[in-house]
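Chain by chain, the residues:
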Amino acid sequence: MKLTLLLPALVLGLIISTSAETFAFGGPPGGPFSNGSYFSNNGTFSAVLRGENLTGTLQFSTTDGAGAPVQLAIEDPETGQITLQDTNSGQGSTGTATIYYDGDTFLGNSQGALNSESSTMSINFQADSQGQGQQEFEQVNATVNGNPGYTLQVSYFDSLYLNGAANCKTSNAFPNQKFEGSGEVELQYLNFFDDTLGYPLLESVSVPISITGVRISNTTSTFFFSAVRPPSVNHYTTEFP
């Protein structure tokens, strides 16, 4: 009888001891003393990306909700002056991007989406390097595609533009959450060196990238939103009278 009563007491003591030890040396998942098994989808991250002739840094926040408030860059179409406008609505994910490619500096934005359950992180970013900006010109009796006798009207926006994405896997090593993966960056630019067309040509090139990063905060942050713009060209031809 004494043995029968003693066994439950030992089991109860073991449970209490194990539970106390768990919280003393680990704690609930995601807690300040846990092993980092689970992290919230809310957080701020820093990442480094690398490719051929390319390197850069990203810093962005992820969130389940509306996200932190952001500032929008509003450009006056008449003067070209940029003013900052605060918004309380926020965005699901906001961030910055600074990228160096082939001697040029690109500045822009980045976004991230974290899925803690599947241990995945998807990242997107856009950045530009301004060139001549908006330009227009007209050529009378122009040669277009090697054929003379046209009136050519051209409107173009000159910039270097990067648009990239990467898929990453996350790994948890308390107190850090890390991620790494691979993706691709597309560079868009205007080619002014083909004289046979009579106007610049929009071209692009793709660069594979690798990316590594780490969680730097468990809360979202507010980032300045940069107005980036890809290059574009529009041309109109009419026969020269």
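What counts and what doesn't
- Per chain, residue numbering runs from 1 following the sequence as it is written.
- Whole-chain, interface and lining totals are the exception, using all residues; otherwise, since this is a predicted model, local features are given only for residues with pLDDT of at least 70 and side-chain atom pairs are given and counted only at 80 or more.
- For side-chain calculations, the full set of non-hydrogen atoms in the structure is used, while hydrogens and water are omitted.
- Only DSSP runs of H or I covering at least 4 residues are called helices, and only runs of E covering at least 2 are called strands; the numbering of each starts at the N terminus.
- Polar contact criterion, stated in full: a pair of N or O atoms within 3.5 Å, where within protein one must be able to donate a hydrogen and the other to accept it, and residues adjacent in sequence count only if both atoms are side-chain atoms.
- It only takes one pair of heavy atoms within 4.5 Å for two residues to be counted as in contact.
- Burial here depends on accessible area, computed with a 1.4 Å probe over protein chains only, as a share of the maximum for the residue type. Under 20% is buried, over 50% is exposed, and the range in between is partly exposed.

## Points about the side chain of Asn109
Mapped onto the secondary structure, Asn109 falls in strand S6 (residues 104-115). At 2.7 Å, the side chain of Asn109 forms a polar contact with the backbone oxygen of Ser226. Dropping the residues within four chain positions of it, Asn109 is found in contact with Gly95, Thr96, Ala97, Asn124, Phe125, Gln126, Phe224, Phe225, Ser226 and Val228.

## As for the environment of Ser116
Looking at the secondary structure, you find Ser116 in the loop between S6 and strand S7 (120-144). Ser116 sits 74 residues away from Asn42 along the chain, and the two C-alpha atoms are 9.9 Å apart. Apart from the residues within four sequence positions on either side, Ser116 is in contact with Phe39, Ser40 and Asn41. A polar contact is formed between the side chain of Ser116 and the side chain of Asn41, at a distance of 3.0 Å.

## Section: the environment of Glu136
The residue Glu136 is located in strand S7 in this model. Glu136 sits in the exposed class, given a relative accessible area of 63%. Separated by 18 residues in the primary sequence, Glu136 and Val154 have C-alpha atoms spaced 5.6 Å apart. Not counting the four nearest positions on each side in its chain, Glu136 is found in contact with Val154 and Ser155.

## Things to note about unusual backbone geometry
The residue Asn53 is not glycine, and still its phi comes out positive at about 60 degrees. Along the polypeptide, Asn53 turns up in the loop between strand S1 (43-51) and strand S2 (54-62). For Asn53, a relative accessible area of 53% puts it in the exposed group. Here the phi dihedral of Ser119 falls at roughly 55 degrees; this positive angle occurs in a residue that is not glycine. Within the secondary structure, Ser119 sits in the loop between S6 and S7.

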